[in-house]
There are 2 protein chains.
Amino acid sequence: MRGIHFLKQLGTSGKALSGLSLYFTSRSKPVRYCITGLFASGITLYYTAKHQVCHAATLKLDSSKWMSEPLTDLNTLEKNQNDMKCRVEAMIMRIQADVCHALEELEPEGDKFLVDKWHRAEGGGGVTCVLQDGVTFEKAGVNVSVVHGTLPPGAVQQMKSRGKNFKSQTLPFFAAGVSSVIHPRNPMVPTMHFNYRYFEVVDEGGKRIWWFGGGADLTPYYLDEKDAKHFHKTLKGACDKHDKGYYPRFKKWCDEYFFIKHRGMTRGVGGIFFDDIDEPSQDKCFKFVESCGDAIVPAYIPIVQKNKNSGYGYAERQWQLIRRGHYAEFNLIYDRGTKFGLQTPGARYESILMSLPLNAKWEYRHEPKPGSLEAKLTEVLKKPREWV
Amino acid sequence: MRGIHFLKQLGTSGKALSGLSLYFTSRSKPVRYCITGLFASGITLYYTAKHQVCHAATLKLDSSKWMSEPLTDLNTLEKNQNDMKCRVEAMIMRIQADVCHALEELEPEGDKFLVDKWHRAEGGGGVTCVLQDGVTFEKAGVNVSVVHGTLPPGAVQQMKSRGKNFKSQTLPFFAAGVSSVIHPRNPMVPTMHFNYRYFEVVDEGGKRIWWFGGGADLTPYYLDEKDAKHFHKTLKGACDKHDKGYYPRFKKWCDEYFFIKHRGMTRGVGGIFFDDIDEPSQDKCFKFVESCGDAIVPAYIPIVQKNKNSGYGYAERQWQLIRRGHYAEFNLIYDRGTKFGLQTPGARYESILMSLPLNAKWEYRHEPKPGSLEAKLTEVLKKPREWV
């Protein structure tokens, strides 16, 4: 147990020691000391890996605006900011709060998010925030989940299709993420989704494998090219800070992923999507994902502000409901996150299905009139464009 | 080509020669003559199998009330009523018409089904009948499809999970069926679904495998025990005529199949469900399925008649919309028919998704008040009952 003791003494200077993947980029004395301690104690490493005890590295976290207490107690989170699990949890709690507060500010009658903190019998839990039937937002959900345990065969299968190949039918795992779908009331305001997540899996040989995934995409009901450009440009800015190759790659991936196959069209005008990100280092991956998370408010809020008081009538509402039906189809038929979620034992389905719209409509053979604004949007969905 | 010529001369006496599976139960002269002709001509057998040409056995079909011309021309259908493919097509065209006309009679303002006959580039087509936004029915769809071609890997996979095991990635297939979902407007009238289908697949060794499947189930928004009993009793009557063991087995199968796993509850109060039925003979299977099809009108129509003018208010409508959300979840996440359909190349998604309600609602964490009628229904959904 001496290794853990050493780790606890690390303090903030160990911030660059990014958790269990053992990337050591900092060269400060305490870190070197710790490395010695770690490597001198195989048992400790095994212990911490097996029981997912957070490593020590204290960082004062400002949790005053978070929507709830975190899943892991704040003290543990603060003391273990060099463990990626703790670092991610703090980050997603903060992003959840930033987004929720920014959305609440757009509610003229003071509607607030309902906050549900839940625990999962099998390990972990989440904080689900939902604002329903607001003036600006018909249904907005921003969900944090931090879960661990054993993945069942169905969920392992979902992972396999993500390019991971595991021989086992079941696997120990840790998953933490923030995910959100915002369905505004006014059809002139697009729906927006984002999700950033971190995974750890221990394979058959006891090797810990980690990766990040995530993305954000915009689903307008009526196309405003300036809005689409603004959204993409903001996400591109977040990507470019880390790797100029990210945006083009992840923009394309987004168009491919958010594709409603049976309709032959994308869910919306896209954004970015990535999965299985584990390079160049855990720390750099974290910082990239954090930038993407921080880009949500500047990418989306101005679009809501600009359009939320636009005029609309019965026809526009009907089109919005039809398109929300398409949205539900994507989420229930194709979305891997939804499938993965519903296959995880003890999954809280209310949080997973929070992404579904408050209202949706399926008219048989509904087709927009040629030349209409609805048809114009459909054309773009069938042939994704470059926006930046 | 002589074999085909012989077959064409068969006439109605060959009715018991049930198509390509080569069950010969009739012993009349022309049939024996034909058998000789068939076996004397391996090439003919190959030809008919490969091109799915219907075999000869003339039966005058009354198509005057059918919703459209059949997919196969009427003359061919009439002349080949000993081919199960033709026999099934005539049966499903008739059942479609019977159900549609019975529903139309309940529309006080004379709303009629819209009839869409469609063709599939890869082979076959269908007749989709939809009545939308009627006074009695908010959305009612009754769909016939008769398709053939090659099954893609995804669809073969769907079949494998149905207890069929094929080594091939792709398989030649024929599928014909009638499927229907009726969503009434009044929340006191249950939604009803039925589907009867016939499959033929040619395996790796050239062996033709056939089976029937189907079922019918009732989804009330408010539980009327008498209605549930009537529905089950009528279906039981249809089953009992053929095998006393069918109803108990297929009732249980229905509760298991129409189960919304993540909610831990059935879709409704059930009915019957069966798949992979290929015993005791093709003819007996057909007759059983036909009885089930004929039971739809007497099982459902009296329930609609009884409740369609019941009073209801905003709260009941809201509950209906919430439950329609659950219905959409089942169809999009779990239903094998929907999955199979969407994975079939050239699938007409409008016909497949016709089952979705006109309107649905997803409220976060909606739960019926304890002791309410809504809660009473939910209890039954969580613990299926015996109704007969």
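Residues numbered from 1 in each chain as written. Chains lettered and ligands numbered in written order. Predicted model: local features only at pLDDT ≥ 70, side-chain atom pairs only at ≥ 80, totals over all residues. Heavy atoms only, no water.

An unreviewed UniProt entry annotates chain A as coproporphyrinogen oxidase originating from Lingula anatina. Quoted verbatim from the Subunit (unreviewed entry) field of UniProt, the annotation for chain A is "Homodimer." Listed in UniProt under the heading Sequence similarities (unreviewed entry), the comment for chain A reads: "Belongs to the aerobic coproporphyrinogen-III oxidase family." (UniProt positions renumbered as here; feature names shortened; annotations may be inferred.)

> Could you give an account of the pattern of salt bridges, with specific residues and numbers?
All chains considered together, the criterion is met by 51 salt bridges over all chains. Note that Lys60 of chain A and Glu78 of chain A form a salt bridge whose closest N and O atoms lie 3.5 Å from each other. Taken together, the residues Lys60 of chain A in the loop between α3 (42-51) and α4 (74-79) and Glu78 of chain A in helix α4 connect sequence positions 18 residues apart. Arg365 of chain A is paired through a salt bridge with Asp116 of chain B; the nearest N and O atoms lie 2.6 Å apart. Here Asp116 of chain B lies in strand β1 (residues 114-119) and Arg365 of chain A lies in the loop between β10 (359-361) and α14 (373-382), a pairing that spans two chains. Note on Arg365 of chain A: relative accessible area 41%, which makes it partly exposed. (Salt bridge = Lys/Arg side-chain N within 4 Å of Asp/Glu carboxyl O. Helix = DSSP H or I, 4+ residues; strand = E, 2+ residues; numbered from the N terminus. Buried < 20%, exposed > 50% of the residue type's maximum accessible area, 1.4 Å probe, protein only.)

> Now, about the interface of chain B and chain A: what can you tell me, with residues and values included?
Opposite the 27 residues of chain B that make contact, chain A presents 27 residues. Regarding the contact of chain B and chain A, the summed buried area is about 2700 Å², with carbon and sulfur atoms giving 62% of it. Of all residues in chain B, Leu332, Trp362 and Tyr364 of chain B bury the most surface against chain A, accounting for 30% of the area lost on that side. Counting across the interface, chain B meets chain A through two salt bridges. At the boundary of chain B and chain A, one finds 13 residue pairs in polar contact (both at pLDDT 80 or more). With four residues, the single largest contributor to the side of chain B that touches chain A is helix α11 (residues 314-334) of chain B. Partitioned by chemical class, the residues of the side of chain B that touches chain A number 14 nonpolar, four polar and nine charged. (Contact = heavy atoms within 4.5 Å. Buried area = accessible area lost by both parts, 1.4 Å probe. Polar contact = N/O pair within 3.5 Å; in protein donor to acceptor, adjacent residues only side chain to side chain. Nonpolar A, V, L, I, M, F, W, Y, C, P; charged D, E, K, R; others polar.)

> Account for the pairing of strand β4 (residues 171-184) of chain B, with residues named and values stated.
Residue and element names in this part refer to chain B. For β4, the buried fraction is high: 12 of the 14 residues fall into the buried class. In this structure, β4 lies alongside strand β5 (residues 191-202), joined through 10 bridges in antiparallel fashion. Within β5, the position partnered with Val178 by the bridge is Tyr196. Count of turn residues in the β4/β5 antiparallel hairpin: six residues. (Pairing = 2+ DSSP bridges.)

> Would you mind going over the sheet that holds strand β6 (residues 208-219) of chain B in detail, with residue names and values included?
All names here are of chain B. Taken in spatial order, the seven strands line up as β1-β2-β3-β4-β5-β6-β9 in an open sheet, and their pairing is antiparallel. Where the open sheet ends on each side, the last strands, each with one partner, are β1 and β9 (270-277). Across the sheet, the axes of successive neighbouring strands diverge by a mean angle of 10°, strand direction being ignored. For strand β2 (residues 124-132) and strand β3 (residues 137-151), the ladder comprises nine bridges, and the chain directions are antiparallel. Across the sheet, the residue bridging to Gly124 is Val147, located in β3. Its contacts with the sheet put helix α8 (residues 246-257) on β6 and β9, and the angle it makes with β9 is roughly 100°. (Axes fitted to C-alpha atoms, helices over the stretch in contact; angles between N-to-C directions.)

> Tell me about the relation of the copies chain B and chain A, residues and numbers included.
Overlaying chain B on chain A yields an RMSD of 0.0 Å, the required transformation being a rotation through 180° with an accompanying axial translation of 0.0 Å. Overall, the copies show the geometry of a two-fold rotation axis. Taken together, the interface assignments show that 100% of the residues at the interface of chain B recur at the interface of chain A, consistent with an identical surface on both copies. (Least-squares fit on C-alpha atoms with pLDDT ≥ 70 in both.)

> So what's going on with unusual backbone geometry? Which residues, and what values?
All names here are of chain A. Omega for the bond connecting Glu279 with Pro280 falls within 30 degrees of zero, at -5°, which places this linkage in the cis form. Positive phi is not limited to glycine here, since Asp133 has a value of about 60°. Within the secondary structure, Asp133 is located in the loop between β2 (124-132) and β3 (137-151). Note on Asp133: relative accessible area 48%, which makes it partly exposed.

> Any details on helix α7 (residues 225-240) of chain B? Residues and values, ideally.
All names here are of chain B. A rise of 1.5 Å per residue sets the reference length of α7, with its 16 residues, at 22 Å; its end C-alpha atoms lie 22 Å apart and thus fit the reference within 8%. Next to the buried residues of α7 lie β5, β6, α8, β9, α9 (282-294) and α10 (296-307). Structurally, the start of α7 carries an N-cap: the backbone nitrogen of Lys226 is 2.9 Å from a side-chain oxygen of Asp224. (Expected span 1.5 Å × (residues − 1).)

> If you had to explain the sheet that holds strand β1 (residues 114-119) of chain A to someone new, which residues and values would you point to?
Residues and elements named next belong to chain A. Pairing is antiparallel in the open sheet, where seven strands are placed in the order β1-β2-β3-β4-β5-β6-β9. Among the strands making up the open sheet, the edge pair consists of β1 and β9 (270-277). The mean inter-strand angle of the sheet, taken between neighbouring strand axes irrespective of direction, is 10°.

> An account of the nonpolar core is needed here, citing residue identities and associated values.
Judged by nonpolar contacts, the single largest core of 76 residues is most densely connected at Leu103, Phe194, Tyr196 and Phe212 of chain A. With 13 residues, helix α5 (residues 84-104) of chain A is the single largest residue contributor to this core. With 75 residues, the next largest nonpolar core counts Val189, Leu218, Tyr247 and Val269 of chain B among its residues. (Core = buried A, V, L, I, M, F, W, Y, C linked by side-chain atoms within 4.5 Å.)

> Residues and numbers for the side chain of Asn307 of chain A, please.
Residue and element names in this part refer to chain A. Mapping Asn307 onto the fold places it in helix α10 (residues 296-307). Looking at Asn307, its side chain comes within polar contact range of the main-chain oxygen of Ile303, at 2.8 Å. When residues no more than four places from it in sequence are discounted, the contact partners of Asn307 are Asn186, Met188, Val189, Asp224 and Asp227.

> Describe the environment of Pro370 of chain B, listing the residues and the values that go with them.
Residue and element names in this part refer to chain B. In this fold, Pro370 is placed in the loop between β10 (359-361) and α14 (373-382). By relative accessible area, which is 82% here, Pro370 ends up exposed. In sequence terms Pro370 and Ile92 are 278 residues apart; their C-alpha atoms lie 44 Å from each other.

> Describe the environment of Arg249 of chain A, naming the residues involved and giving the relevant values.
Tracing the sequence through the fold places Arg249 of chain A in helix α8 (residues 246-257). Each C-alpha atom of the pair Arg249 of chain A and Ile272 of chain A lies 8.4 Å from the other, and the pair is 23 residues apart in sequence.

> Explain the confidence of the model for chain A to me, and be specific about the residues and the numbers.
Averaged over chain A, the pLDDT score is 85; the fraction of residues at 70 or greater is 83%. With pTM at 0.84, the complex prediction returns an ipTM value of 0.83. (pLDDT = per-residue confidence, 0-100.)

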